[in-house]
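Single-letter residue listing:
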Amino acid sequence: MKLPKIFLSSPHLQGSELSYIEKAISDNCIAPGGKNTEYFEQEIEKFINHQNICALNSGTAALHLSLILSGVKAGDEVICQTFTFVASANVIKYLGAIPIFVDSEKDTWNMCPVFLENAILDRIKLGKKPKAIITVHGYGMPCDIDEIQKIAQKFEIPLIEDAADALGSTYKNKKCGTFGDFGILSFNGNKIITTSGGGALVCKNNKQKEKAIFLATQARDDAPHYQHSEIGYNYRMSNISAGIGCGQMEVLPQRILQRRANHDFYVDLFKDFAGISVFSEPNENFYSNHWLSAILVDESVAGFSREDLRLKFLEDNIESRPLWKPMHIQPVFADAPYYGTDVAENLFENGLCLPSGSNLSIEDLDRIKKVVDNLRK
Ligand SMILES: *Cc1c(COP(=O)(O)O)cnc(C)c1O
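Residues numbered from 1 in each chain as written. Predicted model: local features only at pLDDT ≥ 70, side-chain atom pairs only at ≥ 80, totals over all residues. Heavy atoms only, no water.

Colleague: Is there a simple way to think about the nonpolar core in this case?
Modeller: When a protein is soluble and globular, its nonpolar side chains tend to lie buried together. Ranked by size, the top nonpolar core spans 37 residues in total, and within it Phe40, Ile44, Tyr139, Leu167 and Phe187 carry the most contacts. Sorting the residues of this core by element identifies helix H2 (35–48), strand S1 (53–56), strand S9 (199–202), helix H8 (239–249), helix H9 (252–269) and helix H12 (343–350) as the ones contributing at least two each. Top contributing element to this core by residue count: H2, with four residues. Beyond its immediate sequence surroundings of up to four residues, Phe40 is in contact with Ala55, Phe187, Thr195, Met237, Ala242, Gly245, Cys246 and Met249. (Core = buried A, V, L, I, M, F, W, Y, C linked by side-chain atoms within 4.5 Å. Buried < 20%, exposed > 50% of the residue type's maximum accessible area, 1.4 Å probe, protein only. Helix = DSSP H or I, 4+ residues; strand = E, 2+ residues; numbered from the N terminus. Contact = heavy atoms within 4.5 Å.)

Colleague: Even after reading the chapter, I still don't get the site of the ligand, so can you show me in this structure?
Modeller: Around the ligand, the structure places 16 residues, and the nearest of them are Gly59, Thr60, Asp165, Ser186 and Lys191. Asp162 places a side-chain nitrogen or oxygen 2.7 Å from a nitrogen atom of the ligand. One of the side-chain N or O atoms of Lys191 is found 3.4 Å from an oxygen atom in the ligand. Coverage of the ligand by the protein chains reaches 93% of its 380 Å² of free accessible surface. (Near = heavy atom within 4 Å. Polar contact = N/O pair within 3.5 Å; in protein donor to acceptor, adjacent residues only side chain to side chain. Areas by Shrake-Rupley, 256 points an atom, 1.4 Å probe, with all protein chains shown as cover.)

Colleague: For this particular structure, what's the right way to read the UniProt feature "active site" (unreviewed entry) in the protein chain?
Modeller: Per the UniProt entry, the sites bearing "active site" (unreviewed entry) are Lys191 in this numbering. A residue is classified by how much of its surface remains accessible, and Lys191, at 10% relative accessible area, is buried. (UniProt positions renumbered as here; feature names shortened; annotations may be inferred.)

Colleague: Could you clarify how one ought to interpret the pairing of strand S4 (residues 132–136) in this entry?
Modeller: For a regular strand, side chains alternate in direction, first toward one face of the sheet and then toward the other. Burial runs high along S4: five of the five residues are buried. Judged by which residues are buried, S4 turns out to be covered on both faces: Ala132, Ile134 and Val136 on one side and Ile133 and Thr135 on the other are all buried. The pairing of strand S2 (residues 77–81) with S4 spans three bridges and is parallel. Bridge pairing in S4 links Cys80 to Ile134. (Pairing = 2+ DSSP bridges.)

Colleague: What exactly am I supposed to notice about the packing of helix H3 (residues 59–69) against helix H4 (residues 87–94) here?
Modeller: Packed helices, taken two at a time, are described by their axes: the angle between them and the distance between them. Two elements in contact, H3 and H4, have axes whose closest approach is 9 Å; the angle formed by their N-to-C orientations is 45°. As far as their axial angle goes, H4 and H3 are oblique. As for how H3 packs across H4, the hand of that crossing is right-handed. Touching Thr60, Leu63, His64 and Leu67 of H3 are Ala87, Ser88, Val91, Ile92 and Tyr94, all from H4. (Axes fitted to C-alpha atoms, helices over the stretch in contact; angles between N-to-C directions. Parallel < 35°, antiparallel > 145°, perpendicular 65-115°, else oblique. Left-handed = near helix turned anticlockwise from the far one by under 90°.)

Colleague: Honestly, the UniProt feature "modified residue: N6-(pyridoxal phosphate)lysine" (unreviewed entry) in the protein chain in this entry has me stumped. Any pointers?
Modeller: The UniProt record marks Lys191 with the feature "modified residue: N6-(pyridoxal phosphate)lysine" (unreviewed entry), using the residue numbering of this structure. Those residues within four positions of Lys191 in sequence are excluded, and the remaining contacts are Ala164, Asp165, Ser186, Arg259 and Trp291.

Colleague: I keep staring at the sheet that holds strand S15 (residues 351–354) and nothing clicks. Help me out?
Modeller: Hydrogen bonds between backbone groups are what pair the strands of a sheet, and the pairing can be parallel or antiparallel. One open sheet accounts for four strands, arranged S10-S12-S15-S13; its pairing is antiparallel. In this open sheet, the two strands that pair with only one neighbour each are strand S10 (276–278) and strand S13 (321–322). Here three bridges tie S10 to strand S12 (residues 293–297), and the two strands are oriented antiparallel to one another. Counted as the bridge partner of Ile276 is Val297 from S12.

Colleague: What should I look at first to understand empty space enclosed by the protein in this one?
Modeller: Over the atoms, a rolled probe matching the size of one water molecule traces out where space is still vacant. Applying the stated criterion to the full structure yields one cavity of 30 Å³ or more. For the largest cavity, the calculated volume is near 40 Å³. Surrounding the largest cavity, Ser10, Pro11, His12, Gly189, Lys191, Ile192, Ile193, Thr194, Gln248, Arg255, Arg259 and Ser358 form its lining. When residues of the lining of the largest cavity are assigned to domains, at least three fall in each of domain 1 (17–249) and domain 2 (252–374). (1 Å grid on protein atoms, 1.4 Å probe; cavity = no way out; pocket = protein on both sides within 12 Å on 5 of 7 lines; lining within 4 Å. Points joined across faces, edges and corners; volume = space filled by probe spheres on them. Domains from an automatic or database assignment.)

Colleague: Sorry, what's going on with the domain arrangement of the protein chain here?
Modeller: The accessible area lost on association of the parts is a frequent measure of interface size. The domain boundaries assigned to the protein chain delineate domain 1 (17–249) and domain 2 (252–374). Taking only C-alpha atoms into account, the centre of domain 1 sits 25 Å from that of domain 2. On the domain 2 side, the residues contacting the 47 residues of domain 1 number 37 residues. Between domain 1 and domain 2, the buried area comes to about 3900 Å², and carbon and sulfur atoms account for 70% of it. Seen at the junction of domain 1 and domain 2, the total is zero salt bridges. The tally of links between domain 1 and domain 2 comes to 22 residue pairs in polar contact (both at pLDDT 80 or more). Grouping the constituent residues of the side of domain 1 that touches domain 2 by class yields 24 nonpolar, 13 polar and 10 charged. (Buried area = accessible area lost by both parts, 1.4 Å probe. Salt bridge = Lys/Arg side-chain N within 4 Å of Asp/Glu carboxyl O. Nonpolar A, V, L, I, M, F, W, Y, C, P; charged D, E, K, R; others polar.)

Colleague: Before we go on, may I ask you to explain the state of the cysteines in this structure?
Modeller: Counted by the stated rule, this structure contains zero disulfides. Here Cys176 stays unpaired: no disulfide links it, and the sulfur of Cys143, its closest cysteine neighbor, is 7.0 Å away. (Disulfide = S-S within 2.5 Å.)

Colleague: Any chance you could explain unusual backbone geometry here in plain terms?
Modeller: Negative phi is the rule for most residues except glycine; trans is the rule for most peptide bonds. If you check the backbone angles, Asn28 has positive phi at about 55° while not being a glycine. Mapping Asn28 onto the fold places it in the loop between helix H1 (17–26) and H2. At Gln218, a position not held by glycine, the phi torsion is positive, near 75°. For Gln218, the position within the fold is in the loop between helix H7 (206–216) and H8. Residue classification places Gln218 among the partly exposed residues on the basis of a relative accessible area of 39%.

Colleague: Is there a simple way to think about the side chain of Ser320 in this case?
Modeller: Structurally, Ser320 is set in the loop between helix H11 (306–315) and S13. Since its relative accessible area comes to 8%, Ser320 is described here as buried. Once residues lying within four places of it in the same chain are set aside, the contact partners of Ser320 are Leu8, Arg310, Phe313, Leu352, Cys353 and Leu354.

Here is the structure:
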């Protein structure tokens, strides 16, 4: 008999979500926006110690609005980390803009500041200054944000932090998502907390937040009839989804500790396993929520590839997943300019995300451990 599936990262509800939803239903307040939405925004603001959060119906929507609010238009160039989830790059295309991909550095797996500066200088030389930079805190690991921000400021290019994976991660004790001109968060079902589907835009001031809400609610002008002078979107977070988020916010600190404990489990599991390294913070400036724990497999030392390992886990009904395939080698972005070497490509070739849910049981961890122990020489 097949054992139950162990997921990479599944929703982890805690109980009180339902009371917020019931209240929304009894108040007949279930449209986009409402009390839960506002309360959820306040709770996020307290947690990340930053004002002007705008709750939306996805992280992708937040990315899209961040580019619009940065003034990106059709034909503009936008720099984006190549090692990311496709949503970071798709939004550039939504606007008819051109993605310019930049490689990662080896220690954070995120945007390399050297390649970033090379890319900006070369694009300027070719006659076009990039209109925005999208950097990512992938799998919860903070990027080298000090260096990246310095470069963005030097060239006066708006910086967007894709912190979809990194709620609760910090760099020098400051929360990811609060450094750039805009930050974006995701509360999709697989993220560290969920609203089923949802996201948020972290704005620098109230004027931007109001503009974001305006755009997210169909860009309706102030009039008794429907009057529009701009293109709008239906991107606001519903009061029902926000209710789930309000419940989840009560346990966010616990969820971070649980994910970090998974990472510790893997560090211990692989500590004397030749050829396998667990993705960890490069130094004490970095604090990852370890949304997903990940490893690199050096096949020449370990004697098996990451794909061999993935299939071994699969035999035991344990889900694992190769690291992101970089955007510059995705068919859909085949003709986009790229600056870098093969860092991101090597991550994709040799890296694997492991089960990382905050709801993994001791039995689940035991099953994972057994698969790994069977691979020891
Ligand atoms: C999940 C994710 C997104 C998209 O968020 P959604 O809420 O699913 O739209 C964007 N960027 C990264 C890096 C992600 O992991």
